[in-house]
Amino acid sequence: MSSMLEIRHLRLVRAIAEEGGPTRAAARLHLTQSAVSHQLAELEGKLGVELFTRVRRQLKLTPAGARLLDAARTMLTDLARVERELHHAGARKPETFRLAVECFTAYHWLPPVLEVLASEHPHVDVRIVMEATREPIPALLGGDLELALASSPVRDRDLVVKPLFTDEWTVILAPDHPLTARPYLTMSELGREKLFAHDAPRADVERLRELLASERAAMPRTAIVPLTDAIVELVKAGLGVGLLSRWAVAPSLARGEIVARRLTRAGIKEKWSAVYRRDAATRFPLARFADLLAQRGRARGWV
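The structure displayed is predicted, hence computed values, not measured ones. (Residues numbered from 1 in each chain as written. Predicted model: local features only at pLDDT ≥ 70, side-chain atom pairs only at ≥ 80, totals over all residues. Heavy atoms only, no water.)

### Observations regarding the overall build of the chain
Regarding its fold elements, the chain presents 11 helices and 12 strands. If you line up the chain on its principal axes, its C-alpha atoms span 75 × 50 × 35 Å. Expressed as a percentage of its 303 residues, the buried residues of the chain come to 45%. Sequence separation of at least 24 residues holds for 76% of the intrachain contacts in the chain that already meet a minimum separation of 6. Surface summary for the chain: the accessible area is close to 16,100 Å², and the carbon and sulfur share equals 52%. (Helix = DSSP H or I, 4+ residues; strand = E, 2+ residues; numbered from the N terminus. Buried < 20%, exposed > 50% of the residue type's maximum accessible area, 1.4 Å probe, protein only. Contact = heavy atoms within 4.5 Å. Areas by Shrake-Rupley, 256 points an atom, 1.4 Å probe, with all protein chains shown as cover.)

Rendered as structure tokens:
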């Protein structure tokens, strides 16, 4: 008699439970939402028991589903451990993939992502390429990177673009700066400040110039600072203000070291993605890396 439960079923139940429903579970499992719903219905039919019940817009575990989830986590963890041991036994050659974040040198999100990736892919190492920070997409196409985090538009068909989260430009200030009393800053107000910023991609520079022109505002006195942490320290000291993406300085904001204000009343949104070459995805777990980062972003409220 064949077993009713398969590894795919265990992964299915775990994904639905941890992601809160079939939509995000489908993205995690690289399936369509209809395929996830069909597999769940098939599994419940085989077992003769309901595993999830719908509460509002989310699927919640039934007692039977919770029991199966506990078993699934245990068995999948054991399976992953055996796979790692077999990989080690085969003396698989270590491989390194190189990454860079467009514009920023903020890697506070990286350790928890690497912790999970190392447990699943112990033969893979990750190296940060700081010199590719300003223009990571050309570096990616030139073979100097395997993965880039970018907000600039990407149109090359040789590249895979996996959306991560939506963020916005933000002006950071010292907590005692007079402009913290404002709910947002206008371009004219920004133009009267000394501005610390990164050497931004051309698309971001042009966008800023268009905004300044729309208000006939002066270009702020700008100092290019290559390190995100250095910008934070200069702003904390009251030497000027900074213009960065909010997620890049999230830890400093959470600690109250700096204050963030939206730029313009409507704010300036930007969409961040993980970008990698299609051919590199056959060698490295780049899609998994992107999924882990997206999960990290959701957990931290980067949506």
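### Structural notes on helix H2 (residues 22-29)
Every α-helical turn comprises 3.6 residues, leaving residues that sit three or four positions apart pointing alike. Of all the residues in H2, the buried ones are Pro22, Ala25, Ala26 and Arg28. Seen from one end, H2 has its buried residues packed into an arc of 165 degrees, which puts them on one side. Packing partners of the buried residues in H2 comprise helix H1 (7-19), helix H3 (33-47), strand E2 (58-61) and helix H11 (286-299). Among the residues trailing H2, histidine 30 stands out with phi positive, at a value near 60 degrees. (Arc of directions from axis to C-beta.)

### Considering the nonpolar core
Ranked by size, the top nonpolar core spans 56 residues in total, and within it Phe97, Phe104, Trp109, Trp247 and Phe289 carry the most contacts. Broken down by element, the residue count for this core peaks at 6 residues, all from H11. Once residues within four sequence positions are removed from consideration, phenylalanine 97 is found in contact with Leu117, Val124, Asp125, Val126, Arg127, Glu146, Leu147, Phe284, Leu286 and Phe289. Within the second largest apolar cluster, 17 residues are counted, among which are Leu10, Leu12, Val36 and Leu43. (Core = buried A, V, L, I, M, F, W, Y, C linked by side-chain atoms within 4.5 Å.)

### A look at the pairing of strand E10 (residues 241-245)
Counted residue by residue, E10 has 5 buried out of 5 residues, so it is predominantly covered. Where strand E6 (residues 159-173) and E10 come together, 4 bridges link them in antiparallel fashion. Its bridge partner being in E10, isoleucine 172 is matched across the sheet by glycine 242. (Pairing = 2+ DSSP bridges.)

### Brief notes about H1
Helix length check: H1 (13 residues) gives 18 Å between terminal C-alpha atoms against 18 Å at 1.5 Å per residue, within 8%. Along H1, the residues that are buried comprise His9, Leu10, Leu12, Val13, Ala15, Ile16 and Glu19. A positive phi of about 85 degrees marks glycine 20, the residue just after H1. (Expected span 1.5 Å × (residues − 1).)

### Topic: the packing of aromatic side chains
All chains considered together, the criterion is met by 8 aromatic pairs. When the ring of phenylalanine 97 is compared with that of phenylalanine 289, the centres are 5.4 Å apart and the planes differ by 85 degrees; the resulting orientation is edge-to-face. Placement of phenylalanine 97 in strand E3 (residues 95-101) and of phenylalanine 289 in helix H11 is noted, with a sequence separation of 192 residues between them. With respect to burial, phenylalanine 97 and phenylalanine 289 carry one shared label: buried. Note on phenylalanine 104 and tryptophan 272: the rings are 6.0 Å apart at their centroids and 35 degrees apart in plane angle, and the pair reads as tilted. Here tryptophan 272 lies in strand E12 (residues 269-277) and phenylalanine 104 lies in the loop between E3 and helix H5 (110-120), a separation of 168 residues in the sequence. By relative accessible area, phenylalanine 104 is classed as buried at 5%. Three or more aromatic residues joined by ring pairs form one cluster here, namely Phe97, Tyr107, Trp109, Phe284 and Phe289. Between the NZ or CZ atom of arginine 182 and the centre of the ring of tyrosine 184, over which it lies, the distance is 5.2 Å. (Phe/Tyr/Trp six-rings, centres within 6.5 Å; stacked < 30°, edge-to-face > 60°. Lys NZ or Arg CZ within 6 Å of the ring centre and 35° of its normal.)

### Quick notes on the UniProt feature "domain: HTH lysR-type" (unreviewed entry) in the chain
Taking the numbering used here, the UniProt-annotated feature "domain: HTH lysR-type" (unreviewed entry) corresponds to residues 5-62. Segment residues 5-62 splits into 62% helix and 14% strand. End C-alpha atoms: 18 Å apart. (UniProt positions renumbered as here; feature names shortened; annotations may be inferred.)

### Some words on the packing of H5 against H11
Think of two packed helices as two axes; the pair is described by the angle between the axes and how far apart they sit. The N-to-C vectors of H5 and H11 enclose an angle of 140 degrees; their axes lie 10 Å apart at closest approach. The angle between the axes of H5 and H11 places the two elements in the oblique class. As for how H5 packs across H11, the hand of that crossing is right-handed. Contacts between H5 and H11 involve Leu110, Pro112, Val113, Leu114, Val116, Leu117 and Glu120 from the former and Arg288, Phe289, Leu292, Leu293 and Arg296 from the latter. A class-by-class count of the residues in the contact of H5 with H11 yields 9 nonpolar, no polar and 3 charged. (Axes fitted to C-alpha atoms, helices over the stretch in contact; angles between N-to-C directions. Parallel < 35°, antiparallel > 145°, perpendicular 65-115°, else oblique. Left-handed = near helix turned anticlockwise from the far one by under 90°. Nonpolar A, V, L, I, M, F, W, Y, C, P; charged D, E, K, R; others polar.)

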